[in-house]
Amino acid sequence: MTASHSSSENPVSALELKDLRKSFGKTEIIRGINLAVPTGERVGIIGPNGAGKSTLFNLISGRFEPTSGEVLLNGQRIDGKKPFEINRMGLSRSFQITNIFPKLSVFENLRCGVLWSLGYKYTFFKFLADLDDANDLADELMEMIKLDKKRNILAINLTYAEQRALEIGITIAGGANVILLDEPTAGMSRSETSRFIKLIKDVTVGKTLLTVEHDMGVVFGLADKIAVVVYGEVIAYDTPEKVRADQRVQEAYLGSPVADQQVGSH
Amino acid sequence: MSKSHYEFAPINVGRWLVWGIFALVLALVPLVFNSGLSITILSQMGIAIIACLSYNILLGQGGMLSFGHAVYTGLGSFVAIHALNSVTGGSLPIPMAAVPFIGGLAGMAFAVLFGYVTTRKSGTTFAMITLGLGELVFAMALMVPEFFGGEGGVSGNRMVKNGFLGITFGPPIHVYYLIALYTFVSVAAMFAFTRTPLGRMLNAVRDNPERVEFVGYNTQRVRYMAFIIAGFFAGISGGLGALNFEIVTFEVVGAARSGGYLLFTFLGGATFFFGPIIGAVMMVLAFVLFSEFTSAWLLYLGLIFLFTVMYAPGGVASLIMMNLQVAAFGRLRDVWVSYVALAITGLVGLLGAAAMIEMVYHLQLNATLGSELKFLGIPLDAASLNSWFGSAFVLLTGLGLFEVVRRQFLREWGEIQEYIEKETKRREAL
Amino acid sequence: MEFFIISMLNGLSYGLLLFMLSSGLTLIFSMMGVLNFAHASFYMLGAYVGYSIARFTGFWPALVLAPIVVGGLGALFERLCLRKVHKFGHVPELLITFGLSYVIVELVQLIWGRTALDFKPPELLRGPAFTLINHSLEGLSFHFGAVPATMCSAADAAIRVVCSPFPATRGFMMLVALVMLGAVWLLLTRTRIGLVIQAALTHPAIVEALGHNVPRVFMLVFGAGSALAGLAGVIGGSTFLTEPAMAATVGSVIFVVIVVGGMGSLSGAFVASILIGVIQTFAVAFDYSLATLAQQLGLQLGDAARNNTLVKLTLAQVAPILPYLFLVLILIFRPKGLLGKRED
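As the structure is a prediction and not an experimental result, all values here were calculated from the model.

## Thoughts on the overall build of chain A
Thinking step 1. Scanning chain A from N- to C-terminus turns up nine helices and 10 strands.
Thinking step 2. Relative to the compact-globule value of 18 Å for 266 residues, chain A shows a C-alpha radius of gyration of 19 Å, a close match.
Thinking step 3. With the C-alpha coordinates of chain A rotated into their principal frame, the extents come out at 65 × 40 × 40 Å.
Thinking step 4. Counting only residues that meet the buried cut, chain A has 43% of its 266 residues in that class.

Here you go:
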């Protein structure tokens, strides 16, 4: 494939990045990324530490403003927009360091996630207890992420894995169609990870998914395509098998291309 | 399981009961404490309750520390007193009882105006902006005498000639019942606010403003709207104050008053809905009664505040709730002995310190009266070393014993907390 | 012309005093994330302690000792009280320094009384540092120190002579401020402890992991910041007034300075201090109002307009609120502050 990894099947990709660049002071962290993710695809984003993966997420979700380049969500430009604007347009993200509402209960956390998408906005004339659709949706989400037994526990009192599950729950609560997950299984044990992967698969059916991960097993099991980010550029964007065999990828991870294809067996 | 998002009562029956009792208390308390002074104090408490609760919309619910809340109560007062004069003069055809509502509208209007600039930032910067705006309004109060009445302020007369059902608002008891009515409705409204989407998202903004953006909410807009709602109730409080005192001077927008709201709301407890109510009651008692006891009362207040921030940041309300929780688990009897011991030793130490402080104040302010004074009935001589050594001895003894009891108490408390945790987990598993 | 020079110097000296205070505040804020509400109270404490020490030892020893005492008190407060509150977050930290400011004001009134104290500057600084004489015939001339009264008036009524003295206290204030700033800059950039401080400014955890005692560094910085405030207090108290209200008057202005300059920015605090200092000093001297402006322009105002309070307000009357107006303007047009880089 050529340097510009655009897909020519779907006219409007779910997420498209055009020559995206970001500098902090004089240092250019993201150095011209072109990527087009078709709707419904699951993309795993991998790369060595410091390659710019989290920065990329921050650029897409509006936490940072790009220095130049475009980000398009379903064909509409979202670069330069505020996070809440981007979220309302259908993109949601989770965080590497758990970012929940510590002093609210599990149920309340999820309910906060659904309020805007159900149109409740800034009302102060309705009681939360009467909002049946919000309450039912929050209950559904709780069951999906398997935290229904912990309904009224304060989020700060959950175990780490439970908090990560809640994090995912809040991320999908708004019904966004493009989901960005930043190292969702960070810090989890083997068994927790595999359970979590199943959870992610179940709750993101039909959605476009981008996941940053370090655990190769997770990525290769979860993703349809893999994007390899090295030094702020995407050097490969293809199916897992092709990426595994790609010489440039091997160089980036191992320092030199491997003669035969016995790398990354799992 | 402790609840720290506002759940006043988990059961419906309980809720009706609590609000019913609240209404009854408001209605009947002036019959129990029926002296002139008591009625004044009760009226001021009602006004303070609304002010502190409105302040806590910002502080406790929204995590916004404001040093300039008096701007909104004060400007509400000024607009209300002008409205009152217009009502008396006949140019404003509304009932006198609606004047505080006008104050509320004024508070809301100024919150719309100033809040736009104020809520653009959060955290420490927000606090500094409220401070600067407060100073600005305070300084302007003396520059525009038409509206602010200059040094003498603006006065009015709340008496209505042909009152509805004979209510003329002449006697203080009439004003008290109007205040009680406004207090009940305001408290209920502010409580209801905590159960609405905006109220809950305000809590979310307090806990994690970044996450809020990522669930689709504009954090700044949430803060701005909460600011306006707080301004509305602040204005109502100011309007009631104008009606009650019949005079409004420039101090009502001053930093001292803003500081007072902050201090007492925090002391009462910003993390529970009813905390500011306790704080408001304490505020009125402190200003009206405590200040009569000793001229050092501001110093004591400052020290109490410091201790509260360090050791009980949830205020009186959190202390009550923690102990209710311990009682619910049946362990209160284990600590009450320690509480009594803490109280006694603390009191001893406090008396020693207070004696010394009073002696210094006596030397400062009443030097002409000689160096002798009576401290709680005990004659002291501020010039004699005996008195000083005696007080220091009492202070050190009290502090020493307090420290001993405190360590014991902490051990007991820690053990109880562990027990509660284990019990909670056990009950969850059932 | 001489009016402009003197006023400019007065404004600069006031601005430098503001910077002495706001720089300590900014350092503490940048380092510890704590906005020290009691900073202006340490300023006041410096003045009072300096006054008391000066009664025994004279002014010059007090200039050295008072800041040390205040710095020690500041470090003590950090160790005993502020440290306990770190874990609760930034709002409780601000609250505890707020409480401290209350307590300090009350203690000061308790110990020294509620009336203003007569804190005189030392003999050396009592007169003018220099005097500018504007002689309508001879032009502008510069004289060190004071000039005899005879040189300030002319026998001939047609000749106008104006003497403008520049107080030595003000000059001394500028000198101390510049020396202090230079010393702090050198300390931060050229010494080892300065490097540690700079590192701890942004990465306290890593600095601690490298073996430096970060809590002790915090205590030192807080103590040093308070000492600087105390030093400013000795100078400010002897130049201006020493009274219980002095903390409040300058306190809110320095908070405005750091918001206008941009929170956490030393250079921003410098620019904002000088700007506000100069503008306020000039404004106080102008007795012009919108009404007089209209008069100058030859506009005729109607009776209602002419009697309107806002129109009649002179610039001198408005001077005290200029910093706050500035604050509002900056927040509307440039919320980050003039040179702000750190998002709160």
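That shown, we press on.
## Regarding the overall build of chain C
Thinking step 1. Helix and strand content of chain C: 15 helices and three strands.
Thinking step 2. A compact globule built from 344 residues would reach a C-alpha radius of gyration of about 20 Å, and chain C, at 23 Å, matches this within 12%.
Thinking step 3. C-alpha extents for chain C along the principal axes are approximately 75 × 50 × 40 Å.
Thinking step 4. When burial is assessed residue by residue, chain C has 44% of its 344 residues classed as buried.
Thinking step 5. Residue pairs at least 24 apart in sequence account for 77% of intrachain contacts in chain C once pairs closer than 6 positions are excluded.

## Here we look at the interface of chain B and chain A
Thinking step 1. With 27 residues of chain B at the contact, the number on the chain A side is 30 residues.
Thinking step 2. Every element with two or more residues in the side of chain B that touches chain A is listed here: α8 (197–207), α9 (209–213) and α10 (219–245) of chain B.
Thinking step 3. Here the side of chain B that touches chain A gets eight residues from one element, more than from any other, and that element is α8 of chain B.
Thinking step 4. For the side of chain B that touches chain A, the class distribution of residues is 12 nonpolar, eight polar and seven charged.

## Structural notes on the sheet that holds strand β1 (residues 128–135) of chain C
Residues and elements named next belong to chain C.
Thinking step 1. Pairing in this open sheet of three strands is antiparallel, and the strands run β2-β1-β3 from one edge to the other. At either margin of the open sheet sits one strand with a lone partner, and together these are β2 (139–144) and β3 (161–167). Shown here is a sheet whose adjacent strand axes are inclined to one another by a mean of 20°, direction ignored.
Thinking step 2. Sheet topology places β1 next to β2; six bridges connect them, and they run antiparallel. In the sheet register, Asn 134 faces β2, and the bridge partner there is Leu 140.
Thinking step 3. Along the sheet, helix α5 (residues 168–190) contacts β1 and β3; its crossing angle with β3, the most-contacted strand, is approximately 45°.

## Digging into helix α5 (residues 160–173) of chain A
Residues and elements named next belong to chain A.
Thinking step 1. In this model, α5 (14 residues) spans 20 Å end to end at C-alpha, consistent with the 20 Å of a helix rising 1.5 Å per residue.
Thinking step 2. Among the 14 residues of α5, 10 are classified as buried, and the element is accordingly described as predominantly covered.
Thinking step 3. Within α5, the full set of buried residues consists of Arg 164, Ala 165, Leu 166, Glu 167, Ile 168, Gly 169, Ile 170, Thr 171, Ile 172 and Ala 173.
Thinking step 4. The inward-facing, buried residues of α5 contact β6 (91–93), α3 (106–115), α4 (132–144), β7 (178–182) and α6 (190–203).
Thinking step 5. A positive backbone phi angle near 80° is found at Gly 175, which sits one or two residues after α5.

## Observations concerning the interface of chain B and chain C
Thinking step 1. Of the residues lining the interface, 35 residues belong to chain B; the matching set on chain C comes to 38 residues.
Thinking step 2. Among the elements of the structure, α5 (123–141), α6 (145–148), α13 (297–311) and α15 (332–365) of chain B are those that each provide at least two residues to the side of chain B that touches chain C.
Thinking step 3. Residue classes in the side of chain B that touches chain C are distributed as 23 nonpolar, eight polar and four charged.

## Some words on helix α12 (residues 275–293) of chain B
Residues and elements named next belong to chain B.
Thinking step 1. Here α12 is 19 residues long and its end C-alpha atoms lie 25 Å apart, about the 27 Å a rise of 1.5 Å per residue gives.
Thinking step 2. Of all the bends in α12, the greatest, near 45°, is centred on Ala 286.
Thinking step 3. Three or more residues of α12 are buried, namely Gly 275, Pro 276, Ile 277, Ile 278, Gly 279, Ala 280, Val 281, Met 282, Met 283 and Val 284.
Thinking step 4. In the core, the buried residues of α12 are packed alongside α2 (36–61), α11 (255–268) and α14 (315–328).

## Brief notes about the sheet that holds strand β9 (residues 225–230) of chain A
Residues and elements named next belong to chain A.
Thinking step 1. Within the open sheet, the six strands sit side by side as β6-β7-β8-β3-β9-β10. Their pairing is mixed. A single partner strand is all that each edge strand has here, and the edge strands are β6 and β10 (233–238). Put simply, the sheet's adjacent strands are angled 15° from each other on average, direction ignored.
Thinking step 2. The sheet contact formed by β7 and strand β8 (residues 208–212) spans five bridges and is parallel. Considered in β8, the bridge of Val 178 is made with Thr 208.

## Brief notes about unusual backbone geometry
Residues and elements named next belong to chain A.
Thinking step 1. Positive phi values are uncommon outside glycine, yet Asn 74 reaches one of about 50°.
Thinking step 2. Along the polypeptide, Asn 74 turns up in the loop between β4 (68–73) and β5 (76–77).
Thinking step 3. The class for Asn 74 is partly exposed, based on 17 C-beta atoms found within 10 Å.
Thinking step 4. Even without being a glycine, Lys 146 presents a positive backbone phi close to 60°.
Thinking step 5. You can see Lys 146 is positioned in the loop between α4 and α5.
Thinking step 6. Taking the number of C-beta atoms within 10 Å as the measure of exposure, Lys 146 has 14 and is therefore partly exposed.

## Details of the nonpolar core
Thinking step 1. Counting 288 residues, the largest nonpolar core has Met 201 and Ala 280 of chain B together with Leu 21, Tyr 43, Ile 254 and Val 257 of chain C as the members making the most contacts within it.
Thinking step 2. If you tally residues by element for this core, the top one is α10 of chain B, at 15 residues.
Thinking step 3. Looking at which domains feed residues into this core, each of domain 1 (12–317) and domain 2 (329–429) of chain B supplies at least three.
Thinking step 4. Contact partners of Leu 21 of chain C, with chain neighbours within four places excluded, come to His 39, Tyr 43, Ala 229, Ala 232, Val 250 and Ile 254 of chain C.

## Notes on the packing of α3 of chain A against α8 of chain B
Thinking step 1. Packing of α3 of chain A against α8 of chain B leaves a shortest axis separation of 10 Å and a crossing angle of 115°. One way to sum up the angle between α3 of chain A and α8 of chain B is to call them roughly perpendicular. Read as a crossing pair, α3 of chain A and α8 of chain B show a hand that is left-handed. Across the interface between the two elements, Glu 108, Cys 112 and Leu 115 of chain A of α3 of chain A pack against Pro 197, Arg 200, Met 201 and Ala 204 of chain B of α8 of chain B.
Thinking step 2. A breakdown of the residues in the contact of α3 of chain A with α8 of chain B according to their chemical character gives five nonpolar, no polar and two charged.

## Side note on the confidence of the model for chain C
All names here are of chain C.
Thinking step 1. Counting all residues, the mean pLDDT for chain C is 82, and 93% of those residues have values of 70 or more.
Thinking step 2. The secondary structure element of chain C with the lowest average pLDDT is helix α12 (residues 303–307), at 63, and the one with the highest is helix α2 (residues 39–57), at 91.
Thinking step 3. Across the interfaces of the predicted complex, the ipTM metric reaches 0.84, alongside a pTM of 0.87.

## Remarks on the confidence of the model for chain A
Residues and elements named next belong to chain A.
Thinking step 1. Counting all residues, the mean pLDDT for chain A is 84, and 91% of those residues have values of 70 or more.
Thinking step 2. Mean pLDDT across the elements of chain A ranges from a minimum in helix α9 (residues 247–254), with 75, to a maximum in β6, with 92.
Thinking step 3. Every residue in residues 1–9 is under pLDDT 50, and counting partners more than four places away or in other chains gives 13 contacts.
Thinking step 4. Across residues 260–266, confidence stays below pLDDT 50; counting only partners more than four residues off in sequence or on other chains, it has nine contacts.

## Here's the deal with the arrangement of the chains
Thinking step 1. Among two pairs of chains with at least one contact, chains B and C form the most extensive contact set.
Thinking step 2. In this assembly chain A lies apart from chain C, the nearest approach of their C-alpha atoms being 12 Å.

The rules behind the values
Residues numbered from 1 in each chain as written. Chains lettered and ligands numbered in written order. Predicted model: local features only at pLDDT ≥ 70, side-chain atom pairs only at ≥ 80, totals over all residues. Helix = DSSP H or I, 4+ residues; strand = E, 2+ residues; numbered from the N terminus. Rg over C-alpha atoms; globule rule 2.2 N^0.38 Å. Buried ≥ 20, exposed ≤ 12 C-beta atoms within 10 Å, placed from the backbone. Contact = placed C-beta atoms within 7 Å. Nonpolar A, V, L, I, M, F, W, Y, C, P; charged D, E, K, R; others polar. Pairing = 2+ DSSP bridges. Axes fitted to C-alpha atoms, helices over the stretch in contact; angles between N-to-C directions. Expected span 1.5 Å × (residues − 1). Bend = angle between axes of the 7 residues up to and from the residue. Core = buried A, V, L, I, M, F, W, Y, C linked by C-beta atoms within 7 Å. Domains from an automatic or database assignment. Parallel < 35°, antiparallel > 145°, perpendicular 65-115°, else oblique. Left-handed = near helix turned anticlockwise from the far one by under 90°. pLDDT = per-residue confidence, 0-100.

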